[in-house]
Amino acid sequence: MISSVSAPVSAAAGHQLLGQPAVHPTLLAVSNPGGLIQSVDWVAIAPPLIAALTALAVLLADLFLPERHKKLLGRLTAAGLALALLALLPLTGGHPRATFCAQNVTGATDNAGCSYVADHFALVFQLLALGGALIAALLSLHTVDEEKLPSGEFWFLLLSSATGAALLPASRDLATLVVALEVVSLPSFALVGLRRDGRGGEAALKFFLSSVTATAVMLLGVSFVYAATGSLHLSAIAEGLGQAPGQLKPLAEAGAALTLVGFAFKVAAVPFHFWVPDTYTGAPLPVAGYLSVVGKAAGFAGLALVTSIAFRPYGHTWGLLLAVLAAVTMTAGNVAALRQRSDTAQGAVRLLAWSSVAQAGYLLVPLAAAGYAGSAHPLGATVAYALIYGLVNLGAFGVAALVGRTAPDNRLDDYQGLFARRRWAALALAFFLLCLAGLPPGVVGLFGKVVVFRAAVDAGLGWLAVVMAVNVVIALFYYLQWTAKLFVAPTTEATSGESRVPVSLAATLSLTAVGAVVLSVAPQLVLQVVSGSLF
Amino acid sequence: MNAVLIALLALPLLGAALTLAPATAFGPDRATQEKRALRFGALVTGLVLVLTVALAAGFDRAHASRMQAVTDTAWIPAIGVRFHLGVDGISLPLVVLTALLTLLCAVYSTRRLPDGPGVPSARVFVGLLLLLEVGMLATFVVLDLLLFFLAFEIVLIPMYFLIARWGSGAKVASANRFILYTLLGSAVMLLGFLLVGLKAGTFDMTALAAAHGHGLSHTTQVLAALAIGLGLAVKAPAWPLHSWLPDAHTSAPTVGSVLLAGVLLKMGTYGLVRVLLPVVPDGTATLAPYLGALAAVGVVYGSLACLALARQGSKGDLKRLIAYSSVGHMGFVLLGIASLTPVGVNGALFANVAHGLITGLLFFLVGALKDRYGTADLDTLAGATGAALYGRAPRIGALLAFAAVASLGLPGLAGFWGEVLAMFGAFDPAAGLSRPAFVTYMVLAGLGTLLTAAYLLIVVRRVCMGDPKQPAVVEGIADLRPYEAVSWTPLAALTLVAGLWPALLLGLSDPAVKHLLGGG
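Residues numbered from 1 in each chain as written. Chains lettered and ligands numbered in written order. Predicted model: local features only at pLDDT ≥ 70, side-chain atom pairs only at ≥ 80, totals over all residues. Heavy atoms only, no water.

Caption draft 1: Summary view of the overall build of chain A. For chain A, the count of helices and strands is 21 helices and two strands. Looking at chain A as a whole, 60% of its 535 residues are labelled buried. Within chain A, residue pairs in contact and separated by at least 24 positions form 78% of the contacts whose partners lie at least 6 positions apart. By element, 66% of the accessible surface of chain A is carried by carbon and sulfur atoms, the whole surface being about 20000 Å². (Helix = DSSP H or I, 4+ residues; strand = E, 2+ residues; numbered from the N terminus. Buried < 20%, exposed > 50% of the residue type's maximum accessible area, 1.4 Å probe, protein only. Contact = heavy atoms within 4.5 Å. Areas by Shrake-Rupley, 256 points an atom, 1.4 Å probe, with all protein chains shown as cover.)

And the structure:
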């Protein structure tokens, strides 16, 4: 955290205390000693903090636990994440809590100078990050065992990454933002590479290189922005950009553009998306699900914060940029997903990877609309859509993990007739896919798309809405083909003899499926973020 | 809150959910399971029909323009979606028609469900049929634009699987074409809905209809009417957006064809009347001449296509022929709507219901022929002189001839009134519309009726008449079976009733139409 406290030094303060030699004189040079000591709002930072502490606990416990008890680490991780989720509850009421503030005025409603703000935006994204991590952790419980992954490292990395993802949406200055983003990314590289085969190594390397490039570009942009505006705090940057002297304008604009490019890498927007399919197929499946939801959510949270707070004065410019990016991203992702053949190895994961690229395009639409509308209001659509997408996408990865147990190749053809073999898994996958496609009975997916369309139409981005409509139709084709495969009647009856499903996997799948069904009946639960104020 | 409409939607939904129960819940062995599942489907759809009859009986005919049996509660306040249901004189006949056709299909399926390798179990079929019914009924009773969109989408997945799994021929390709075409249309329609809803501040259809376009600029209205109209025209279907229809019909199983033609097409024209006319009247008036032109072309095109298919040696498929005839008949409906007059719109609504009855019957009959002969190819059926159904299966032959003359618009049968009124509407279109243009459309539509008569009579001659002694594809085909009689008689009877007593329907729709057009 950055705490750029610059309390004025007053010589007069020292004289009053001269008669007390026990006190060191340098401390007395400060007029207001309390101003230096930041009062940290522990409740506000509890969610990321609990995740971080659990990570350390797991790392330590790994040293002392005998091999046969290593299973406990996974449970500890899940418990820690659940606790972190519970820590969100006290923050929901009342006005946003903030901490690590530069001008530490207690009780002030304006959180402009604070580095950590737990407002609605932050809370919803923390819910997504921690909840997504929890589901991914539950999905991983058996994977760690079966694939012989080093369990202490795996759980520590997962928790560290989740900590970063929980910290990021609450951070309100560029330095914290970049640090948080790196805390998300760095453990992810290792997570992807943990499966020590050729594919995992390649996946991790690709992921690492593209991500590091993005960070480098982003840091360059951040330094330009700092040079031009003299601040790292997002709201101060917004003011600084408005008042920047003429000769610094190009610098500020270049800085803003480079920062956005960095984030575009992180959310895997076209043309920075090439790492996605290889990374997802190389990673253990729950990790791929984690990356597609939590990793992406972190990127979107950062992008939303930077664009709608810091670069607000340039709204129309980045609005157009993001709109074009959204259109290209969804089209490229969908077309690539459409071209997936049903008999290629890892076809299912590749399809999910490309579809997640396309979904990133939909998620960008309200961000672009926010640029056009000049307010943060449309962001609610991105938040709602991200929540819905996160739930159903993790569910789909969960079923893919289930199928992957008996069919390691995970081709799309391996899903043929799944309904006859594993009735509930097939029904769940069909529901998740239809939610992703946005077609009833996946009602919640449909309304997710509706709010995104609504944001676009409201901001006057009619062309983008039409592009998205066409894309939704393209996407339906491959989702539906996959869904239809599940229900093909088996040609042979000899389908018994399937291995038992691990309890943790079954429980996670039912959790996500029930969640998706409940949200389909009562979409208000998730869509309420559209109408409320975020910041 | 009114329980009837909620029960109307909840009942089939619950039934569909119950079909997900493990197979053993339906019986010990596969044959019993299948039989019980199909009976279960017939039972649920029967209960739904009873509910709709109760709804119709309790309907206050004196106030047919008022929404009745209304339920209005908040569902998703965040985006202003209300769970708003109700029926008036426009939707009531369609609700009853939907429930009736679904029941008849369920009854028909208890004996005649396509079976074979690769065909899923009957439980799945019943589940899909019930889900389809939820979507169809919901389309006609919801009064919120976004709910309407939702209902519109609900029917897609069940119909897709009905065609792709229980169909014949290039069924998967046809099903894909059906769903992608319709989804593209409805996605564009959603954009129109959102435009209207965001500009007007509400998605409530009754509120929007009451405002009658107030507060919406002309540009907004034209844009919204274009987007909504495009989506509905795909569904209706209007020429030239109809190309998904013949394939879907040719591949679909009999019940799929019946519901597709009998109900799904109506969702498009119902939407035009319910949404387009009252909500964006200025935009509709701007686009009406174009819609009228497409309708007139559709009438002529549909009947010419049928004539080509009915010719000897053209390898015409009977199901395909009836599908094209639907394009022609829906052209009349669209023409009536485009005239923007109470007469025309009433005619359109009447033709809507009549087409549902008559074409439903025709598809049942052709499906039965296909079952018996193994093909619906007209040339194969007819042979050199004709299939001679009058001689071989006189009851089926008579019913086919009855349905054909009803379809060509013989006075005294249901097909007549709708088309005549639609043409009347076009003869004297609403103020502000170009009369010469509409009179031209009317003349074209009149030409269409002649062509329609021509091809239907050719079909009757080639299928019903002929020499019974010439060798046939399949000898000794069965005449009308009991379950067929049960599922077809209501349609034939209603065709006759609607033809002899048109006031039954017109009395319901007329006040509601006047209300929607802003005249009463």
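Caption draft 2: Geometry of the overall build of chain B. Along its length, chain B carries 21 helices and two strands. In terms of overall dimensions, chain B is globule-like: its C-alpha atoms have a radius of gyration of 22 Å, near the 24 Å expected for 520 residues. Principal axes of the C-alpha set define a box for chain B whose edges measure 70 × 60 × 40 Å. Counting all 520 residues of chain B, 63% fall into the buried class. Restricting to contacts in chain B with at least 6 residues of sequence separation, those with at least 24 account for 82%. Counting only carbon and sulfur atoms, one obtains 69% of the accessible surface of chain B, whose full area is about 16800 Å². (Rg over C-alpha atoms; globule rule 2.2 N^0.38 Å.)

Caption draft 3: Layout of a nonpolar patch on the surface. Residues and elements named next belong to chain A. A cluster of nonpolar residues, Leu186, Leu205, Phe208, Leu209 and Val212, forms a patch on the protein surface that exposes about 430 Å² of accessible area. The dominant element in the nonpolar patch, judged by the number of residues it contributes, is helix α8 (residues 198–229), at four residues. By secondary structure assignment, the location of Val212 is in helix α8. Taking the relative accessible area as the measure of exposure, Val212 reaches 34% and is therefore partly exposed. (Patch = residues over 30% accessible without salt bridge, like charges linked within 9 Å, V, L, I, M, F, W, Y side chains within 5 Å. Salt bridge = Lys/Arg side-chain N within 4 Å of Asp/Glu carboxyl O.)

Caption draft 4: The arrangement of the nonpolar core in detail. Residues Phe311(A), Phe447(A), Leu527(A), Ile79(B) and Phe178(B) are the most contacted members of the largest nonpolar core, which totals 399 residues. No other element matches helix α15 (residues 379–406) of chain A, which puts 19 residues into this core. Split by domain, the residues of this core number at least three in each of domain 1 (46–97 + 118–293) and domain 2 (311–535) of chain A. (Core = buried A, V, L, I, M, F, W, Y, C linked by side-chain atoms within 4.5 Å. Domains from an automatic or database assignment.)

Caption draft 5: Spatial organisation of the pairing of strand β2 (residues 81–87) of chain B. Residues and elements named next belong to chain B. In terms of residue burial, β2 counts as a mostly covered element, since five of its seven residues are buried. Pairing analysis gives six bridges linking strand β1 (residues 68–76) to β2, with the strands arranged antiparallel. Within the sheet, the bridge partner assigned to Ala74 lies in β2 and is Arg82. In this antiparallel pair of consecutive strands, β1 and β2, the connection spans four residues, and Gly80 shows a positive phi of 70°. (Pairing = 2+ DSSP bridges.)

Caption draft 6: Examining the interface of chain B and chain A more closely. Contact with chain B, which involves 36 residues of that partner, is made by 39 residues of chain A. Taking both partners together, chain B and chain A bury about 3100 Å²; carbon and sulfur atoms supply 81% of that area. Applying the counting rule to chain B against chain A returns five residue pairs in polar contact (both at pLDDT 80 or more). Of all the elements, helix α7 (residues 171–200) of chain B adds the most residues to the side of chain B that touches chain A, at eleven residues. (Buried area = accessible area lost by both parts, 1.4 Å probe. Polar contact = N/O pair within 3.5 Å; in protein donor to acceptor, adjacent residues only side chain to side chain.)

Caption draft 7: Up close: the state of the cysteines. Under the definition given, this model contains one disulfide over all chains. The disulfide partner of Cys101(A) is Cys114(A), and the gap between their sulfur atoms is 1.9 Å. A torsion of 100° about the S-S bond marks the disulfide between Cys101(A) and Cys114(A) as right-handed. Of this pair, Cys101(A) sits in strand β1 (residues 97–101) while Cys114(A) sits in strand β2 (residues 114–118), placing them 13 residues apart in sequence. Like Cys101(A), the residue Cys114(A) is buried in the burial classification. In this model Cys306(B) remains outside any disulfide bridge; the closest cysteine sulfur is found in Cys464(B), 16 Å from its own. (Disulfide = S-S within 2.5 Å.)

Caption draft 8: Broad picture of the confidence of the model for chain B. A residue-level look at chain B finds 99% of positions with pLDDT of 70 or above and a mean pLDDT of 91. Here helix α16 (residues 389–392) of chain B stands out as the least confident element of chain B, with mean pLDDT 85; helix α12 (residues 281–310) of chain B is the most confident, with 94. (pLDDT = per-residue confidence, 0-100.)

Caption draft 9: Representation of the domain arrangement of chain A within the structure. Residue and element names in this part refer to chain A. Here chain A is partitioned into domain 1 (46–97 + 118–293) and domain 2 (311–535). Residue-level contacts link 44 residues of domain 1 with 42 residues of domain 2. On the domain 1 side of the interface with domain 2, the three residues burying the most area are Leu139, Val270 and Leu285, jointly 16% of the side's total. One can count two salt bridges joining domain 1 with domain 2. For Glu146, the salt bridge is made with Arg405, and the minimal N-O distance between the two is 2.5 Å. Contributing elements (two or more residues each) for the side of domain 1 that touches domain 2: α5 (120–146), α8, α9 (234–243), α10 (249–266), α11 (275–282) and α12 (285–310). Of the residues assigned to the side of domain 1 that touches domain 2, the class counts are 28 nonpolar, nine polar and seven charged. (Nonpolar A, V, L, I, M, F, W, Y, C, P; charged D, E, K, R; others polar.)

Caption draft 10: Geometry of a positive patch on the surface. Residue and element names in this part refer to chain B. The grouping of Lys35, Arg36, Arg39 and Arg111 at the surface amounts to a positive patch. Among the elements that take part in the positive patch, helix α2 (residues 30–57) stands out by supplying three residues, more than any other. Looking at the element boundaries, Arg111 is found in helix α3 (residues 91–111). (Lys, Arg positive; Asp, Glu negative; His and termini not counted. Charge placed at Lys NZ, Arg CZ, Asp CG, Glu CD.)

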